[in-house]
Amino acid sequence: MGHLDDFRAETRAWLEENCPESMRTPFSNDGDACWGGRNWTFASDDQKIWLERCVAKGYTAPTWDEKYGGAGLDRAQERILRQEMKRINARLPLSSFGIWMLGPALLKFGSEEQKLKYLPPITRGEIRWCQGYSEPAAGSDLASLATKAEDKGDHFLVNGQKVWTSYADKADWIFCLVRTDNSGTKHQGISFVLFDMESEGVEARPIKLISGRSPFCETFFENVKVPKENLVGELGQGWTIAKYLLTHEREMIGEMEAPRPLSEVAAQTMGLVDGKLPDSLLRGKIAEAEIDDWAFKMTMGRLLSEAKAGMSLGAKSSMLKYYGTELNKRRLELMMDAAGQDGLEWESDRSNDGQLARSWLRTKGNSIEGGTSEVQLNIISKHILQLPGA
Amino acid sequence: MGLVLNEDEVMLRESAEGFFADKAPVTELRKLRDGNDETGFSRELWKEMADMGFAGILVPEEHGGVDMGYMAAGLVAEQMGRNLTASPFLSTAILAATALRNSGTPEQQAAWLPKIAAGDVIMALALDEGGKHNPRGTTVTAKPSGNGFKISGHKAMVVDGHVADALIVAARTSGEPGDADGISLFIVDPKSKGVDVERTIMVDSRNAARVDFDEVEVAGDALLGSLDEGMDALGTVLNAGRAAVAAELLGTSDQAFQITVDYLKERKQFGKIIGEFQALQHRASHLYSEMELCRSAVLAALTAMDANDKNTSLYCAMAKAKLGSVAKLAGVEGVQMHGGVGMTDEYDIGLYLKRIRVAQELFGDAHYHMDQIASAMNY
């Protein structure tokens, strides 16, 4: 254990010296995260400095190999890094679909050339990626996607439409599922390609949501030329890669947690009478949600320890995704209940422009994106309970 | 908390799994019930459990136990829950052993712990008084008398009280019902003058007792722990009881869930296996998810007990609350998904439903613990 203790001491000292003071507070809203990319404007000098220092250390993608821009940490070291960052409330230096989603897929399925070309700019926050999966007629039934990529010798010609493309209007490149073959079953003939969003024929239109915000786009492709070398894995292997990626996405969404304990928010908004929330029925529901939150966190920890290093949780990730997102919805409903009339304001400084109400509305999508709750329950029924016909 | 079992724990679980499935499956409970057994459990089984080391699982080695800790005790309780095994494990090996090892005098420990480990004695905790679990509400009194005390009042839900060789009685030595202070614990011989024990056969075919104390005289050395500060000793005993019952409920509800899923795979209606219906698949999958949370909650509580974690009380309360509500769901859904046969005595699912109802009430149901947790967390 000696070398881990040394690593902890070094990491702690490095963070102490290098993490700017203003980067040691939790995100107060979506706008605080640093996403990087060609057109990124840093919210503050500290945000820029913090990113640059982490990039130099390989800490934006700590477990990736150094030649790909990571720090080459093993899982035990990575855990220590996360614990030490959490200890001082250090912000994530870079939020990135490239790191969370594309990276793991490239590391597993990409060629060495692709890894060397795409991974380092991701770790440096230079290229921002978006994910082209869902289509208007292929949501929960993702495998029925129709965007086609025709073989034109040295390139694919891509035509079609994606929807729910996160931040497509702000992204530099897209990793995209396309149909390269129609002859087999719907799961066959899907391929995984990468291309520049500045390519001719690409258009992203933001979708305004019930929260009033627009984190997603409709994305159109008209005769977009994609070089052949941008295919990841084998032709027709896209569904395997997509499933692998979705597992990662589910784990990530399942892990999302509310920034402050529900009971603390409720105590602040409702006030306490004789040390108790004044509404005893609501108090009971809040206690129930807090117990579930605790048990859920214990479960995440347990399942991650059980899964051997580097191995996926398999269908159990569907359980985490299902439970985590439904719990998050419950929590935000209870926060709205606790906030009462004050939680309804939409446009005021007092409400930080309706922060709570917008967050509440945003959570409704948690159990839809990345596979609906119902799809997760289907997966559990089939792969874990092995019920017939599931 | 990693919450992953180590090699020794996996071995213990496997040995307990085999032992209870072989010696005390559900058919044994049916035999005890249908034969109107005088005690409601098997003394031979209890002796065999002692030989396996289960009776002395929390007894220090110097007193003849194996001292394996609460995680080990929980793993045994889980397997008993799975098989609906009736035995004095909870009352004697968990509650009494915890009370004695933490609060007993050297004389009390020497007198009782070796006998607990050997399976030669059964002890029962007389705490609740009927209605809802409410330790602070204790009304039974113990008044100074000569060199000792005189105990008067009524206890109920004294698990294994009908066969106990000794009772651990919570009585008020000062203060008013509702006060946390002023409660003391006493070791009382149920054969003493003035003690009246009535066996109460419960809905789950297991046994408890109502016990009346009419000016029962006990000597000064019957006091277990400090005078007026019995809640301190009780706190640890109740944490142990809650963690152990939560572990038992994990086994009971998981088995109820398993037999329900098995039934979904064999029953046919409308020309289909009913497990093909999505309405049932989704309910089963939801229950599966809840069971995963339950397992983590139980392991966290047991780990905290063994580590003497500062949050032990909170974790035990959360585990008992979570298991109370999910086990209830498992029982209720189990019967519903069985359909008509779920209402018959022939099928086991009803026995699980009934045991869950009793175990969820023991040491506080989900509502009790939610209230306690909210207060402990200052809201």
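Remember, it's a predicted structure, so these values are computed and weren't measured experimentally.

Undergrad: Residues and numbers for the overall build of chain B, please.
TA: Counting secondary structure elements, chain B contains 11 helices and 10 strands. Relative to the globule expectation of 21 Å for 379 residues, the C-alpha radius of gyration of chain B, 21 Å, shows essentially globular dimensions. Counting only C-alpha atoms and orienting by the principal axes, one finds that chain B spans roughly 80 × 50 × 40 Å. Within chain B, buried positions represent 58% of all 379 residues.

Undergrad: Go over empty space enclosed by the protein with me, naming the residues and quoting the values.
TA: Residue and element names in this part refer to chain B. Under the defined criterion, the tally for this structure stands at five cavities of 30 Å³ or more. Within this model, the largest cavity holds a volume of roughly 300 Å³. Around the largest cavity, the lining comprises 27 residues; the ones closest to its centre are Ser-87, Leu-90, Val-159, Arg-206 and Arg-355. Here the lining of the largest cavity is built from residues that sort into 16 nonpolar, six polar and five charged.

Undergrad: Tell me about the interface of chain B and chain A, and please be specific about residues and values.
TA: Residue-level contacts link 39 residues of chain B with 39 residues of chain A. Applying the counting criterion to the chain B and chain A interface returns four salt bridges. Salt-bridge contacts for Asp292(A) lead to Lys322(B); the nearest nitrogen and oxygen are separated by 2.6 Å. The interface formed by chain B and chain A holds 18 residue pairs in polar contact (both at pLDDT 80 or more) in total. Only helix 7 (230-264), helix 8 (278-307), helix 9 (312-338) and helix 11 (366-376) of chain B provide two or more residues apiece to the side of chain B that touches chain A. The biggest single contributor to the side of chain B that touches chain A is helix 8 of chain B, with 16 residues. Residue composition of the side of chain B that touches chain A, by class: 21 nonpolar, 11 polar and seven charged.

Undergrad: Any chance you could break down the packing of helix 7 (residues 262-270) of chain A against helix 8 (residues 280-306) of chain A for me, citing the residues and the numbers?
TA: Residues and elements named next belong to chain A. As a packed pair, helix 7 and helix 8 sit with axes 9 Å apart at the nearest point and diverge in direction by 155 degrees. The angle between helix 7 and helix 8 places the two elements in the roughly antiparallel class. The residues of helix 8 that touch helix 7, namely those facing Leu-262, Ser-263, Ala-266 and Met-270, are Leu-282, Ile-286, Ala-289 and Glu-290. For the contact of helix 7 with helix 8, the per-class residue count stands at six nonpolar, one polar and one charged.

Undergrad: With reference to specific residues and values, describe the pattern of salt bridges.
TA: Counted by the stated rule, this structure contains 49 salt bridges over all chains. Close ionic contact of Arg82(A) with Glu78(A) constitutes a salt bridge, the shortest N to O distance being 3.9 Å. Taken together, the residues Arg82(A) and Glu78(A), both in helix 3 (residues 75-87) and four residues apart, mark about one turn of the helix. Counted as one network, the salt bridges with shared partners bring together Arg30(B), Arg33(B), Asp34(B), Asp345(B) and Asp348(B).

Undergrad: Give a description of the domain arrangement of chain B that names residues and reports values.
TA: Residue and element names in this part refer to chain B. According to the domain assignment, chain B consists of domain 1 (7-121), domain 2 (126-228) and domain 3 (231-376). Between domain 1 and domain 3, the C-alpha centre-to-centre distance is 21 Å. Between domain 1 and domain 3 the total buried area reaches about 2,100 Å² when both faces are included, carbon and sulfur atoms providing 65% of it. Joining domain 1 to domain 3, the criterion identifies five salt bridges.

Undergrad: I'd love a proper account of the layout of surface pockets, names of residues and values included.
TA: Over the atoms, a rolling probe the size of a water molecule traces out where space has been left empty. Residue and element names in this part refer to chain B. Approximately 520 Å³ is the volume found for the second largest pocket. Forming the boundary of the second largest pocket are 19 residues, of which Arg-136, Arg-242, Tyr-368, His-369 and Gln-372 lie nearest the centre. Elements with a minimum of two residues in the lining of the second largest pocket: helix 7, helix 9 and helix 11. It is helix 11 that provides the largest number of residues to the lining of the second largest pocket, a total of seven residues. Each of domain 2 (126-228) and domain 3 (231-376) contributes no fewer than three residues to the lining of the second largest pocket.

Undergrad: Tell me what's going on with the packing of aromatic side chains, and back it up with residues and numbers.
TA: All chains considered together, the criterion is met by 24 aromatic pairs over all chains. Between Trp35(A) and Phe97(A), the ring centres sit 5.3 Å apart and the planes meet at 55 degrees, which makes this aromatic pair tilted. In this pair, Trp35(A) sits in the loop between helix 1 (2-18) and helix 2 (45-57) while Phe97(A) sits in helix 4 (residues 97-109), placing the two residues 62 residues apart along the sequence. Ring geometry for Phe270(B) against Phe277(B): centres 6.3 Å apart, planes inclined by 90 degrees, an arrangement best described as edge-to-face.

Undergrad: Talk me through the domain arrangement of chain A; I want residue IDs and the actual numbers.
TA: Accessible area lost upon the coming together of the parts is a frequently used measure of interface size. Residues and elements named next belong to chain A. The assigned domain composition of chain A is domain 1 (2-95), domain 2 (129-236) and domain 3 (256-384). Computed over C-alpha atoms, the centres of domain 1 and domain 2 are 31 Å apart. Taken together, both faces of the contact between domain 1 and domain 2 bury some 440 Å²; the carbon and sulfur share is 34%. Counting the contacts that link domain 1 with domain 2 gives two salt bridges. Its salt-bridge partner being Arg-38, residue Glu-198 comes within 3.5 Å of it at the nearest N-O pair.

Undergrad: Could you give an account of the nonpolar core, naming the residues involved and the relevant values?
TA: Residue and element names in this part refer to chain B. Counting residues in each nonpolar core, the largest one holds 145 residues, and the members touching the most others are Phe-20, Met-49, Phe-54, Val-76, Phe-89, Ile-94 and Met-123. It is helix 7 that provides the largest number of residues to this core, a total of 17 residues. Not counting residues up to four positions away in its chain, the partners in contact with Phe-54 are Leu-12, Ala-16, Phe-19, Phe-20, Met-49, Val-76, Phe-89 and Ala-93.

Undergrad: Could you give an account of the environment of Gly132(A), naming the residues involved and the relevant values?
TA: Residues and elements named next belong to chain A. Within the secondary structure, Gly-132 sits in strand 1 (residues 129-132). When the C-alpha positions of Gly-132 and Ile-174 are compared, they lie 6.5 Å apart, and in sequence the two are 42 residues distant. Aside from chain neighbours lying at most four places away, what touches Gly-132 is Lys-162, Thr-165, Ile-174, Phe-175, Cys-176 and Leu-177.

Undergrad: Give a description of the pairing of strand 3 (residues 148-155) of chain B that names residues and reports values.
TA: All names here are of chain B. Sheet topology places strand 2 (residues 141-145) next to strand 3; five bridges connect them, and they run antiparallel. When the sheet's bridge partners are listed, Pro-144 is paired in strand 3 with Phe-149. Connecting strand 2 to the antiparallel partner strand 3 that follows it, the hairpin turn spans two residues, and Gly-146 within it adopts a positive phi of roughly 60 degrees. Examined bridge by bridge, strand 3 and strand 7 (residues 207-218) share six bridges and lie antiparallel to one another. Residue pairing in the sheet places Lys-155 in a bridge with Val-211 of strand 7.

Thresholds applied
- Throughout this description, residue numbers start from 1 for each chain and increase along the sequence as written.
- Key to labels: chains lettered from A, ligands numbered from 1, both in the order written.
- With pLDDT at 70 or above as the cut-off, local features in this predicted model cover only qualifying residues; side-chain atom pairs require 80 or more to be listed or tallied, and sums for whole chains, interfaces and linings still use all residues.
- The basis for every side-chain value is the complete set of non-hydrogen atoms in the structure, without hydrogens or water.
- Only DSSP runs of H or I reaching four residues or more are called helices, and only runs of E reaching two or more are called strands; each is numbered from the N terminus.
- A radius of gyration in this sense is built from C-alpha atoms; the matching globule rule multiplies 2.2 Å by the number of residues raised to 0.38.
- The classification of residues rests on relative accessible area computed with a 1.4 Å probe and restricted to protein chains. Under 20% of the type maximum is buried, over 50% is exposed, and intermediate values are partly exposed.
- Using only the protein atoms, space was sampled on a 1 Å grid; points where a 1.4 Å probe fits but cannot get out form cavities, open sets with protein on both sides within 12 Å along at least five of seven lines form pockets, and lining residues are those with an atom within 4 Å of a point.
- Grid points are joined across faces, edges and corners, and a volume is the space filled by probe spheres set on the points.
- Charged residues are taken to be Asp, Glu, Lys and Arg, nonpolar residues to be Ala, Val, Leu, Ile, Met, Phe, Trp, Tyr, Cys and Pro, and polar residues to be all remaining types, Gly included.
- In what follows, a contact means two residues having at least one pair of non-hydrogen atoms within 4.5 Å.
- Between Lys or Arg on one side and Asp or Glu on the other, a salt bridge is scored when a side-chain nitrogen of the former is within 4 Å of a carboxyl oxygen of the latter.
- We call two N or O atoms a polar contact when they sit within 3.5 Å, provided that within protein one can donate a hydrogen and the other can accept it, with sequence-adjacent residues counted only if both atoms are side-chain atoms.
- Between N-to-C directions, angles cover 0 to 180 degrees, with each direction set by a line fitted to C-alpha atoms, over the stretch in contact for helices.
- Reported orientations rely on four angle classes, namely roughly parallel under 35 degrees, roughly antiparallel over 145, roughly perpendicular from 65 to 115, and oblique for the rest.
- Residue ranges assigned to the domains are those given by an automatic or database domain assignment.
- Accessible surface is computed with a 1.4 Å probe, and the buried area is the amount of it that two parts give up when combined, taken over both parts together.
- Ring pairs shown here join Phe, Tyr and Trp side chains whose ring centres sit within 6.5 Å, with only the six-membered ring taken for Trp; geometry is labelled stacked below 30 degrees between planes, edge-to-face above 60, and tilted in between.
- By nonpolar core is meant a set of buried Ala, Val, Leu, Ile, Met, Phe, Trp, Tyr and Cys residues that side-chain atoms within 4.5 Å join together.
- At least two bridges found by DSSP between two strands are what make those strands a pair.

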